[in-house]
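# Observations on the model geometry
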Amino acid sequence: MGSQTNRQLFRDAQSLIPGGVNSPVRAFQAVGGDPYFVVRGEGAHVYDAEGRKYIDLVQSYGAVIVGHAHPQVTEAIQKAAALGTSFGAPTPGEIFLAEEIVNRVPGIEQLRLVNSGTEATMSAIRLARGHTGRNRVIKFSGCYHGHADTLLAAGGSGVATLGLSGSAGVPPSAVADTIVVPYNAVPEITQDDACVIVEPVAANMGLIAPLEGFLPQLRSACDAAGTLLIFDEVITGFRLARGGASEWFGVTPDIACFGKVIGGGLPIGAFGGSEEIMSTLAPVGPVYQAGTLSGNPLATAAGCAALQLLDSAAYQKLYAMTERLSAGIEKVLNGAGLPAIAPRVGSLLGLFLGDNAPTQYDEARTTDEKAYARFFHEMLDRGVAMAPGAYEALFVGLAHTEDVVDTVIGAAAESAASL
Ligand SMILES: *Cc1c(COP(=O)(O)O)cnc(C)c1O
């Protein structure tokens, strides 16, 4: 294995795994070329099979916010692993992680742990339907909520990258009760609607901030109709602020979904809300939801270790580094005649190649995908790994120091100049 090139590995992978990858965007279809195969990560860097070192702006799409192989996270995982990896019985670690989350996020009194963001949103939808006795779900175009059938209509992320409006294999009946509306406009909400699910900051169609008033008005409209508001905080949770987007915007949803950051890089998800709503779940209530590996001791240990590193000083650092990168990239790209906007909300960052910052999906799709693909490869050649798709966010973590950020900006200047 050790001496194989990325190309050889990709060929081997393609013979065994569809497209050579276990999540479509990783196959580089949107940018062309062969993906780099990672053999190791440390802090802000990853190393590929050919021994090349990259500054990593993917960071497992935000999951590894404290940096790769952080010693405290690694130690927590090793200690947990030595005690056994899964039991099918409750463990104290589940209480520790639940407590961390409940203490930080406004409005969460109880939560349930699952194994991915997809499971969290899928379960939240079932809970909302079971709790309200209604079927209809409203989602926003370009928001990505994982790959559950019901939510795979007009999704962002890999769905946007591949130019798919949904997916084959999702029967019309599965999305018959899913209404898709434009982001940043409050839709009509009626007593037929079980829930509205939204990314409080859209981070899967590039990065789009909610317009002033959008989230509070959505909250009131949901209240007026008795419809549950679901925040998909799988990216924003514990990244935007200690208490996620609910804290940042001062708007409390009925149900919040988490993933990515809360597992410290291990597979996990969670959804939570008031005790009254969460009591609708089995075994207390009638909505079934379960998981053999849910509350896994390795994932809860890693998640607790990661969250403990995310104190208020950590967030200040994340905001400062994200601002530095946003301003730097905009300056050097525009300076080189490549129109670019690097929208930032707190520690969330996007890159839009065009003149006007988008506010919804149709506008986001005017980003210059071809220019992104060329810029991506110029950056990769200079040792900076961005997501291989024009609609993904850029992820800055605690290991991204000023030096690292300035190196990225320098690479961006050279890349833009050579286009
Ligand atoms: C990544 C993501 C998901 C899906 O999480 P998985 O762990 O990939 O299943 C859901 N919602 C949002 C906002 C995401 O960014």
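On a predicted model such as this, the values are computed, not experimentally measured, just so you know. (Residues numbered from 1 in each chain as written. Predicted model: local features only at pLDDT ≥ 70, side-chain atom pairs only at ≥ 80, totals over all residues. Heavy atoms only, no water.)

### Re the domain arrangement of the protein
Domain annotation for the protein reports domain 1 (6-65 + 311-418) and domain 2 (71-309). Here domain 1 and domain 2 have C-alpha centroids that lie 25 Å from each other. Contacts between the two partners involve 35 residues from domain 1, matched on the other side by 35 residues from domain 2. One can count zero salt bridges joining domain 1 with domain 2. If you look at where domain 1 meets domain 2, you find nine residue pairs in polar contact (both at pLDDT 80 or more). For the side of domain 1 that touches domain 2, the secondary structure elements donating two or more residues are helix 11 (312-335), strand 11 (344-345), strand 12 (348-349) and helix 12 (361-364). For the side of domain 1 that touches domain 2, the class distribution of residues is 23 nonpolar, eight polar and four charged. (Domains from an automatic or database assignment. Contact = heavy atoms within 4.5 Å. Salt bridge = Lys/Arg side-chain N within 4 Å of Asp/Glu carboxyl O. Polar contact = N/O pair within 3.5 Å; in protein donor to acceptor, adjacent residues only side chain to side chain. Helix = DSSP H or I, 4+ residues; strand = E, 2+ residues; numbered from the N terminus. Nonpolar A, V, L, I, M, F, W, Y, C, P; charged D, E, K, R; others polar.)

### Quick notes on the packing of helix 3 (residues 92-104) against helix 10 (residues 297-309)
The N-to-C vectors of helix 3 and helix 10 enclose an angle of 35°; their axes lie 9 Å apart at closest approach. In the crossing of helix 3 with helix 10, the sense of the turn from one axis to the other is left-handed. Between helix 3 and helix 10, the contacting residues are Gly93, Glu94, Phe96, Leu97, Glu100, Ile101 and Arg104 on the first element and Thr300, Gly303, Cys304, Leu307 and Gln308 on the second. For the contact of helix 3 with helix 10, the class distribution of residues is five nonpolar, four polar and three charged. (Axes fitted to C-alpha atoms, helices over the stretch in contact; angles between N-to-C directions. Left-handed = near helix turned anticlockwise from the far one by under 90°.)

### As for the packing of aromatic side chains
Counted by the stated rule, this structure contains 12 aromatic pairs. Summarising the aromatic geometry, the rings of tyrosine 61 and phenylalanine 395 are spaced 6.5 Å apart at their centres and angled 80° between planes, so their arrangement reads as edge-to-face. Highlighted residues: tyrosine 61 in the loop between strand 3 (53-56) and helix 2 (71-82) and phenylalanine 395 in the loop between strand 13 (384-385) and helix 14 (402-417), separated in sequence by 334 residues. Per residue, the accessibility class of tyrosine 61 equals that of phenylalanine 395, and both read buried. Among the aromatic residues, those joined into a ring-pair cluster are Phe28, Tyr36, Tyr54, Tyr372 and Phe376. Across from the ring centre of tyrosine 47, 4.0 Å away, lies the NZ or CZ of arginine 40, which sits over that ring. (Phe/Tyr/Trp six-rings, centres within 6.5 Å; stacked < 30°, edge-to-face > 60°. Buried < 20%, exposed > 50% of the residue type's maximum accessible area, 1.4 Å probe, protein only. Lys NZ or Arg CZ within 6 Å of the ring centre and 35° of its normal.)

### Focus on the pattern of salt bridges
In total, this model carries 13 salt bridges according to the counting rule given. The salt bridge involving glutamate 323 is made with arginine 344; its shortest N-O contact spans 2.6 Å. Taken together, the positions of glutamate 323 in helix 11 and arginine 344 in strand 11 put the pair 21 residues apart, joining distant regions of the chain. Given the relative accessible area of 36%, glutamate 323 is considered partly exposed. In this structure, a network of salt bridges that share partners links the residues Arg219, Asp223 and Asp254.

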